[in-house]
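# Understanding the architecture of this molecule
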Amino acid sequence: MKREKTPSVYIKRSAGDWIFDIAVVVLFCAFTLICIFPFYYLLINTISDNDLVTSGRVNFFPMLKNEAGKAVFGVQINNYTALRNVQDLGSSVLVTVARTVLGTALMVITTAWAGYLITKRKMWKRSFWYRFLVVTMYFNAGLVPWYMNMLMMGLTDNFLAYIIPGLVAPYNIILVKTYIESIPSSLEESAVIDGASTLKVWLKIILPLSVPILATIAIFGAVGNWNSFQDSLLLMNNRPDLYTLQHRLYIYLNSSSNLGAMMSQGGTISEQAAQSMLNQRVIQYTVSMVSIIPILLVYPFMQRYFVKGIMLGAVKG
Amino acid sequence: MNAAANALPQGEKMSLGRRLPLWVFRIVALLAGIAMFFPPANPGRISEKINESASLFTNGVSYGTITNSMGRILRSQWIRDADITLLMIACAAVMAGVILCGIGGCMSLGNRKMRRRGFLFPLAGAPMMAAGLMLIRHVHGRMMAHGEEVGKLDKIGVMIPGGFWVFCAFAALLFLTALIAFLTTEKETDPAAKMDMDEKYRLFLMLLPVVLLTFVFAYLPIWGWRFAFFDYSAGGSIGADNYVGFKWFHFLFSDPATTKDLLRVLRNTLIMSGLGIATSWLPIAFAVLLAEVRSTKFQRFVQTFTTIPNFISWVLVYAIAICLFSTDGFVNSFLSNVLNVSGANTNYLQIADHTWLKMLLWGTWKGVGWSAIVYIAGISSIDQQLYEAAKVDGANRFRCIWHITIPGLIPTYMVMLLMSIAGILSNGMEQYLVFSNAMNKDVIEVLDLYVYNIGIGQNRISLSTVVGISKSLIGITLLFAANGISKAIRGESII
């Protein structure tokens, strides 16, 4: 990304150069705005007065009503506190957090192990097994056979269906393998001469040295798990309590009935608040925001890992 | 490790007579391991009412799957819960036996001491399998007696499945070969000898769990292709009576409604993929232009924010679409409240016009910043001397871009292009599923979504499988073709 500058030629810039530069900057500003404004708009809709949202008075800034009923700049978080009354949301948040933590951790361990072993040229039929793993990236038997297979394994309506199939991630194995191959083999060899076992070499030498790539695949895995929707949609037909957050949100977004009706009875909210909570749209927005926030929060810190991941991925495995 | 490998008795060659039982044992153990996940070989399916898609493994671990399709029978206690529990225990015992044999099989790759010790596992495991099988037989007897007692024997269809005899044969063979191998493996005379294994096998065995997981979740589904050759409906069974051969393959072309659907879906798929391929140069343009901005801070800022959409799910993209384009979304409220346009209450998501274009735009919004990263990195790896030399020769910016930057990115682009051509039939279904509604259904349904809709939505398992098989086969052909082209042109494979 960092490009060394070649100053000599840029010293004299023609009018055309200036126009071009400005046009490019404007273009990128516009596109960046298009990328972030929707998130901002979603956010201000959830922290404004719900009546103003419904009547379309919230366009660029969060608005509240003052005593006179006029719209003024302001923020409230009632929608977020009201979320605890939304039926089934809690369980799907729990399920999603659980699968993100468990699924990611186990996937990283499996991948680190497989990625390390697959670099071992001495392994019996190594290149065959490597292809055996990698081909699954490009080939799948199809949706229905996959579903029937999961049914056969007893992995429908079962939390384990979120974890076990995700353990082996061929793309991540390629990333880890490529990375480990770039580690000087002398480190490993000296440990072997000192009598370290494969497991010990993996634990004491390979794992600490491959932390950057493991962080990368952990982030990929965590985002993937957090965003998971399809497996929940297909496999959890009889277990609504195991729906993931995205699946739950999908249901909310598609429910024609008023979400307010889905709120459990006897909550702590007052009559008036309950009335304004009947606003289905705002609930949808707030749930959406809740499922976006974790990604937005971790993203800036993790961006370099993402970039590293895709760079390594571009190198053929 | 080298040292350890050298410590192996290198001259340890075995005669054919000794190797034969060893290999028979390994192969049978492997077969038994596979059969464990193979529903037709389920020894525990002692009633027709036990879920047909349940394997020995499922029988051993999941009560719910065994009893999936026997609601009434269980409620009326024509089959007793206790019998099912007993059956589970029996199946678990058979499984444990198979696993012990598998351990023996793994250890048989080691040196003499390890082999000899390893054979103790199947010598315990095979009898355990036999005990499990006997217990299954016993449950069979109990079920039969109980069925007779309540007079519903015909309803519960008690039987001894073929898989039972298969596993009996497995147990006998495993025991026999393990015993022979054990007896013909001489006891290690050197008391200092340790259990050891050639490194190549040891490494393989360490990878084995990963290989098995891959097999079970990525290769085993191919077994589900059999549904294409039967008249199968969910919860039903397959057998000689509903075997239909290639009927469903013909059906795709002989049934006018299906053919019409298929053509419509193919059109959507090809157009959406085609639009994606036609705009696949956008990330390059993005990267080239961004590299022209001289402030690295600005570059990083743009990069950070334009890649965010890639990391949110399609459901959330849809939520954002609602927020912006629905009746009370941003566009309408902006038009009516800021620009004072009257009657601005169109729900843009419900309009079917320009659906392909809209889907392309959403895809671009989500993906372009992310796809550009590869090219941005590609640009930074281009040799700066090229630019300097070009400038000395009087080349301006655009010439530099055209003659240096872009040719430098073409190899990467070719790989991406070939991959997207290979994946032309796989657009994924999530995006189209979330955006589909009654209005745009006809133009938004792509192949993946169609497979989902007919297979899961309408329960036409066989038809959906046929479409899926065709798609998989065409996909893999395209992939190999793309790979061949890449090899021919660039001398490098892409997979």
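Computed from a predicted model, the values in this text were never measured in an experiment. (Residues numbered from 1 in each chain as written. Chains lettered and ligands numbered in written order. Predicted model: local features only at pLDDT ≥ 70, side-chain atom pairs only at ≥ 80, totals over all residues. Heavy atoms only, no water.)

For the rest of this paragraph, the subject is the overall build of chain B. Counting its secondary structure elements, chain B contains 24 helices and zero strands. If you line up chain B on its principal axes, its C-alpha atoms span 85 × 70 × 40 Å. A total of 495 residues make up chain B; the buried ones form 50% of that total. Of the contacts formed within chain B by residues at least 6 apart in sequence, a portion of 69% connects residues at least 24 apart. When the accessible area of chain B is evaluated, it comes to approximately 22200 Å², of which 65% is carbon and sulfur surface. A gap of 4 Å separates the mean positions of the 40 positive and 29 negative side-chain charges of chain B. (Helix = DSSP H or I, 4+ residues; strand = E, 2+ residues; numbered from the N terminus. Buried < 20%, exposed > 50% of the residue type's maximum accessible area, 1.4 Å probe, protein only. Contact = heavy atoms within 4.5 Å. Areas by Shrake-Rupley, 256 points an atom, 1.4 Å probe, with all protein chains shown as cover. Lys, Arg positive; Asp, Glu negative; His and termini not counted. Charge placed at Lys NZ, Arg CZ, Asp CG, Glu CD.)

This brings us to the interface of chain B and chain A. Every contact between the two is made by 105 residues of chain B and, on the other side, 102 residues of chain A. When the two sides are added together, the surface that chain B and chain A hide from each other amounts to roughly 10000 Å², 74% of it contributed by carbon and sulfur. A:Asp21 is the salt-bridge partner of B:Arg397, the closest N and O atoms lying 2.5 Å from each other. Viewed at the interface, chain A and chain B are joined by 16 residue pairs in polar contact (both at pLDDT 80 or more). Of the residues contributing to the side of chain B that touches chain A, the split by class is 70 nonpolar, 25 polar and ten charged. (Buried area = accessible area lost by both parts, 1.4 Å probe. Salt bridge = Lys/Arg side-chain N within 4 Å of Asp/Glu carboxyl O. Polar contact = N/O pair within 3.5 Å; in protein donor to acceptor, adjacent residues only side chain to side chain. Nonpolar A, V, L, I, M, F, W, Y, C, P; charged D, E, K, R; others polar.)

Let's shift gears to the domain arrangement of chain B. Interface size is commonly expressed as the accessible surface area that is lost when the partners come together. Along its sequence, chain B is carved into domain 1 (2-197) and domain 2 (249-490). Relative to domain 2 of chain B, the C-alpha centre of domain 1 of chain B lies at a distance of 49 Å. (Domains from an automatic or database assignment.)

If you check which residues of helix α10 (residues 185-193) of chain A are buried, you get A:Glu188, A:Ala191 and A:Val192. When α10(A) is viewed along its axis, its buried side chains cluster within an angular range of 100° and face the same direction. (Arc of directions from axis to C-beta.)

The next subject is unusual backbone geometry. If you check the backbone angles, A:Lys125 has positive phi at about 55° while not being a glycine. Within the element layout of this structure, A:Lys125 appears in the loop between α5 (89-117) and α6 (126-134). Residues other than glycine seldom take positive phi values, yet B:Asn459 does so here, at roughly 65°. By the element assignment, B:Asn459 lies in the loop between α23 (447-457) and α24 (461-490). On the basis of relative accessible area, B:Asn459 is assigned to the partly exposed category, the value being 40%.

Each domain of chain A was delimited in the assignment, giving domain 1 (1-76) and domain 2 (85-244 + 305-314). The gap between the C-alpha centroids of domain 1 of chain A and domain 2 of chain A is 37 Å.

Okay, the confidence of the model for chain A next. All names here are of chain A. Taken residue by residue, chain A gives an average pLDDT of 83. The fraction at 70 or more is 86%. Per-element confidence in chain A ranges from a low mean pLDDT of 44 for helix α15 (residues 259-262) to a high of 95 for α5. Here residues 257-277 is a poorly scored stretch, pLDDT under 50, and it has 27 contacts once near neighbours within four places are set aside; other chains count. (pLDDT = per-residue confidence, 0-100.)

Once that is clear, we can look at the environment of A:Leu117. Position of A:Leu117 among the secondary structure elements: in helix α5. Aside from chain neighbours lying at most four places away, what touches A:Leu117 is A:Met123, A:Thr198, B:Leu203, B:Met206 and B:Leu207.

Let us now look at the pattern of salt bridges. The tally for this structure, following the rule as stated, stands at 20 salt bridges over all chains. As a salt-bridge pair, B:Glu199 and A:Lys122 come within 3.3 Å of each other at their nearest N and O atoms. Of this pair, B:Glu199 sits in helix α11 (residues 199-219) while A:Lys122 is found in the loop between α5 and α6, placing the two residues in two different chains. For B:Glu199, a relative accessible area of 4% puts it in the buried group. A:Lys122 sits in the partly exposed class, given a relative accessible area of 44%. Between B:Glu445 and B:Lys441 there is a salt bridge, with the nearest N and O atoms lying 3.9 Å from each other.

All right, on to a nonpolar patch on the surface then. Together, A:Tyr40, A:Phe60, A:Phe61, A:Phe73, B:Val338, B:Leu339 and B:Val341 make up an exposed nonpolar region whose accessible area comes to about 650 Å². Looking at where B:Leu339 falls in the secondary structure, it is placed in the loop between α17 (330-338) and α18 (355-380). Taking relative accessible area as the criterion, B:Leu339 reaches 48% and is therefore assigned partly exposed. (Patch = residues over 30% accessible without salt bridge, like charges linked within 9 Å, V, L, I, M, F, W, Y side chains within 5 Å.)

On to the packing of helix α16 (residues 314-325) of chain B against α18(B). Residue and element names in this part refer to chain B. Across the interface, α16 lies against α18 with an axial gap of 12 Å and an inter-helix angle of 120°. The angle between the axes of α16 and α18 places the two elements in the oblique class. At the point where α16 passes α18, the crossing takes the right-handed sense. Here α16 contributes Trp 314, Val 317, Ile 320, Ala 321 and Phe 325 to the contact with α18, which in turn contributes Trp 362, Gly 363, Trp 365 and Lys 366. Grouping the constituent residues of the contact of α16 with α18 by class yields seven nonpolar, one polar and one charged. (Axes fitted to C-alpha atoms, helices over the stretch in contact; angles between N-to-C directions. Parallel < 35°, antiparallel > 145°, perpendicular 65-115°, else oblique. Left-handed = near helix turned anticlockwise from the far one by under 90°.)

Residue and element names in this part refer to chain B. Running from N to C, helix α6 (residues 81-107) and helix α8 (residues 120-150) point in directions that differ by 160°, and their axes come no closer than 8 Å. One element, α6, and the other, α8, form an angle in the roughly antiparallel class. Crossing hand, α6 versus α8: left-handed. Its residues assigned to classes, the contact of α6 with α8 comprises 25 nonpolar, five polar and two charged.

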